[in-house]
Amino acid sequence: MKLGKKIVKLRIPILILATLLLIPAAIGYLKTRTNYDILTYLPKDIETMKGQNILAEDFGTGAFSMVVVEGLPDKDIASLSEKIEKVDHVERVLSYASMTNGAIPIEVLPDDLRETIQQGDADLMMVFYDTTLSADETLNAVEEIRSIAGESVFIGGMSAVVIDTKNLSDHEVPIYVAIAVVLCLLVLELNMDSFLIPILFLLSIGCAILYNMGSNVFKGEISYVTKALAAVLQLAVTMDYSIFLWHSYCAEKEKTDDNNTAMAVAIDNTFSSVIGSSITTVAGFIALMFMSFTLGFDMGLVMAKGVVLGVLSCVTILPSMILIFDKAIEKTRHKSLMPDFSKISPWIVKRFYVFLIIFALLIVPAYYGQAHNKVYYNLDSSLPKELESIQANEKLEKEFNMASTHMILLDSNLGDKQVRELIDEVNAVDGVKTTLGIQALEGAGLPREMMPEKIVDILDDGEYQLLFVMSEYKVASDEVNAQCDEINDIIDRYDSKGMLIGEAPCTEDLIKITDHDFNIVNSVSIVLVALIIICVFRSVSLPVLLVSVIEFAIFINMGIPHYTGATLPFVASIVIGTIQLGSTVDYAILMTNKYKEARISGMDRDKSVTAALEGSINSIFVSALSFFAATFGVGLYSKIDMISSLCVLMARGAIISMFVVILLLPAVLKVFDKVIIHTTAGFGAVRPGKMSQHLRPTYR
């Protein structure tokens, strides 16, 4: 009880220090950069990422935007080009006028080239930036160009998508937190026996969340997905610890009149109990850090850190608040408004065979469904259609039949004849509209010596020459992936140094890498959680049984989208199973721990399973409902489908895990009772009729 006594004694300094620490935490939060470009989390050693670095370092052009101009005469387009070129970090603007200096009438250009740069009253321009596509400077430049351009100009490309993602995410994130807090508060007010204590819970967890987000300043930046989910998810997974402390404190108060003594014991009980619970959750997040797509490392590190800070806050800040506001808490006492679910435990246990039959009927379709989900990788698919960048990309597709743009980097020393032959082969690939480069312009009748120097610099830096491939196929489609593979084969025949880069090739790499990551993350999370259960129970059979129960819940959760026809963002298919396993296996551990206690105390199989369910069902219900409340509202509100889908899946996963543990796990414990007894340490140490004193509930 040494730790508990010290914390109780120092409760006022702890609360003062906790308050003061909010200041550097807030500063750290504000100074932490947010990365809105998911593709930057691809491994740095793959060819597409190396090509992007060459583009930025050698050509001084890290990004470009495709700009559609409607209904403007040539002189106004020229004037607009000049204004855009004056914007900070705009390297140059490429348009028909800038390429030809007006020397060649557009009517004499080859049909495929003319149709690429002009359709009816719509003209196409390319704006090049001297910084990378998601750099703050590029995003600011896009914003300024929008303010200059007016309603008849549509700016497409990844930088425009990133800025719209940024604006929408920055607007929504504070609302996510507000929704999660309000709904959690509602659930807690219904379940707790004091109106004030839920507010103290949220204040304590709020401190831990701000410390976590502020400490990210040492990372330099976090992804917008992590930023959007971190606070909500940390609130959801650490609420249990506060509930346990409160219940433990109330139980100890019945044994003594000294609140300080009661809290000291409660702190020690809570700390030793939630260590095991938090480790399984941390293990799930650590598993994400094994992804080669480093968005997983970003999310895993931030969330694992958040759970640790949540535990520390629960045993330091919250006890201090409770003791200081004890009188106010007592004045707001009331009976819990939620019914006692433990009374249905005998009914569930008695009909265990029904739930085994349901399991047998559901396992195959659940497994099939989760294995055959439709997944999208096109990042702008997660954004609302009314955003400017999405409308611009639709204009490109509708007006110019151009859904994506690739870039080919070739050795500058490659002969013009070979480059022309390469261009001809690339143009013959299905879905390629045309290929632009110096040789293509020369073939259209514009000699190299007549081209403006700034245009030549864009397309040839002396070491590499650059070609632009206009494609009719959408990013992340099977058609564009096949197209990229075919173009890569052509490039390899002409230039061993050559490479294909751009959003579509990067996304194809993303598909390959995340498919591999899915298997790695699932395997690592299962192994880590199983090892923790082995250590907790010293059992060979229980890790298999408990993980299998939660995996069944995961299969149901992830299988539902297949049967509803929903298409999930690729991130969901990788991270949800791991998060659900790490966050909800605690429900199974709680019940199993109570079953073990009852069994070694002398109860028979049926009574032990019933007692375990009675002793855990209310805690499981409150925990799952809190998790649901923290995530479901955000899922309904968010206009960013990647965030919305993740939150809906997490919310639904918590409820499904709750039902599976309450209904199926008792049946599993009952059926495998003899196996558990003979493969788990401790069952033979206590004779029937004697209550075990060395074991007590480990969770909550």
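Keep in mind that this is a model prediction, so the values were computed, not measured.

Caption draft 1: Molecular detail of the overall build of the chain. The helix and strand tally for the chain stands at 27 helices and 13 strands. For the C-alpha atoms alone, the extent of the chain along its principal axes is close to 100 × 55 × 40 Å. Classification of the 700 residues of the chain by burial places 58% in the buried group. A fraction of 83% describes how many contacts in the chain between residues 6 or more apart in sequence connect residues 24 or more apart. As displayed, the chain has an accessible area near 28,100 Å², and 60% of this comes from carbon and sulfur atoms.

Caption draft 2: Local environment of the pattern of salt bridges. Considering all chains together, one arrives at 20 salt bridges under this definition. Its salt-bridge partner being Arg605, residue Asp606 comes within 3.0 Å of it at the nearest N-O pair. Taking relative accessible area as the criterion, Asp606 reaches 32% and is therefore assigned partly exposed. One salt-bridge network, in which partners are shared between bridges, spans Asp193, Lys253, Asp326, Glu330 and Arg333.

Caption draft 3: Examining the confidence of the model for the chain more closely. Averaged over every residue, the pLDDT of the chain is 88; the share at 70 or more is 93%. Per-element confidence in the chain is highest for helix H2 (residues 11–31), whose mean pLDDT is 96, and lowest for helix H5 (residues 96–100), whose mean pLDDT is 64. Scored below 50 in pLDDT, residues 686–700 shows 44 contacts in the model against residues more than four places distant or in partner chains.

Caption draft 4: Molecular detail of the sheet that holds strand E11 (residues 464–471). Taken together, the four strands give an open sheet; going across it, the order is E10-E11-E9-E12, and neighbouring strands pair in antiparallel fashion. Either end of the sheet is taken by a strand with one partner, and the two such strands are strand E10 (432–436) and strand E12 (499–502). For this sheet, the mean inter-axis angle between neighbouring strands, taken without regard to orientation, is 25°. Strand direction decides the pairing type here: strand E9 (residues 404–411) and E12, joined by four bridges, are antiparallel. In the sheet register, Ile408 faces E12, and the bridge partner there is Leu500. In this fold helix H3 (residues 47–58) packs onto E9, E11 and E12, with an angle of close to 80° to the strand it touches most, E12.

Caption draft 5: A look at the environment of Gly682. Secondary-structure assignment places Gly682 in the segment after helix H27 (673–679). Sequence separation of Gly682 and Val419 is 263 residues, and the distance between their C-alpha atoms is 75 Å.

Caption draft 6: Up close: unusual backbone geometry. A positive phi is found at Asn401, a non-glycine position, where the angle reads about 50°. On the secondary structure map, Asn401 appears in the loop between helix H16 (388–400) and E9. With phi around 50°, Arg538 is a residue other than glycine that occupies positive phi space. Its location among the elements puts Arg538 in the loop between helix H21 (503–537) and helix H22 (541–564).

Caption draft 7: Examining a nonpolar patch on the surface more closely. There is a patch of nonpolar side chains on the surface, built from Ile12, Ile16, Leu20, Ile23, Ile27, Ile324 and Phe325 and spanning about 650 Å² of accessible area. The element that contributes the greatest number of residues to the nonpolar patch is H2, accounting for five residues. One can find Ile324 in helix H12 (residues 295–324). Its relative accessible area of 39% is what places Ile324 among the partly exposed residues.

Caption draft 8: Representation of the pairing of E11 within the structure. Of all eight residues in E11, eight are buried, a share of seventy percent or more. Of the two faces of E11, the one holding Tyr464, Leu466, Phe468 and Met470 and the one holding Gln465, Leu467, Val469 and Ser471 are both buried throughout. As paired strands, E9 and E11 are joined by eight bridges and run antiparallel to one another. Paired with Met407 across the strands is Phe468, a residue of E11.

Caption draft 9: How the structure looks around the packing of aromatic side chains. By the definition in use, this model includes 13 aromatic pairs. Judged by centre distance (5.4 Å) and plane angle (15°), the ring pair of Tyr377 and Phe570 falls under stacked. Of the two residues, Tyr377 is situated in the loop between strand E8 (374–376) and H16 and Phe570 in helix H23 (residues 570–600); the sequence distance between them amounts to 193 residues. Taking relative accessible area as the criterion, Tyr377 reaches 11% and is therefore assigned buried. It is Lys497 that lies over the ring of Tyr464; its NZ or CZ is 5.0 Å from the centre.

Here is what the cut-offs are and how they apply
- Residues numbered from 1 in each chain as written.
- Predicted model: local features only at pLDDT ≥ 70, side-chain atom pairs only at ≥ 80, totals over all residues.
- Heavy atoms only, no water.
- Helix = DSSP H or I, 4+ residues; strand = E, 2+ residues; numbered from the N terminus.
- Buried < 20%, exposed > 50% of the residue type's maximum accessible area, 1.4 Å probe, protein only.
- Contact = heavy atoms within 4.5 Å.
- Areas by Shrake-Rupley, 256 points an atom, 1.4 Å probe, with all protein chains shown as cover.
- Salt bridge = Lys/Arg side-chain N within 4 Å of Asp/Glu carboxyl O.
- pLDDT = per-residue confidence, 0-100.
- Pairing = 2+ DSSP bridges.
- Axes fitted to C-alpha atoms, helices over the stretch in contact; angles between N-to-C directions.
- Patch = residues over 30% accessible without salt bridge, like charges linked within 9 Å, V, L, I, M, F, W, Y side chains within 5 Å.
- Phe/Tyr/Trp six-rings, centres within 6.5 Å; stacked < 30°, edge-to-face > 60°.
- Lys NZ or Arg CZ within 6 Å of the ring centre and 35° of its normal.

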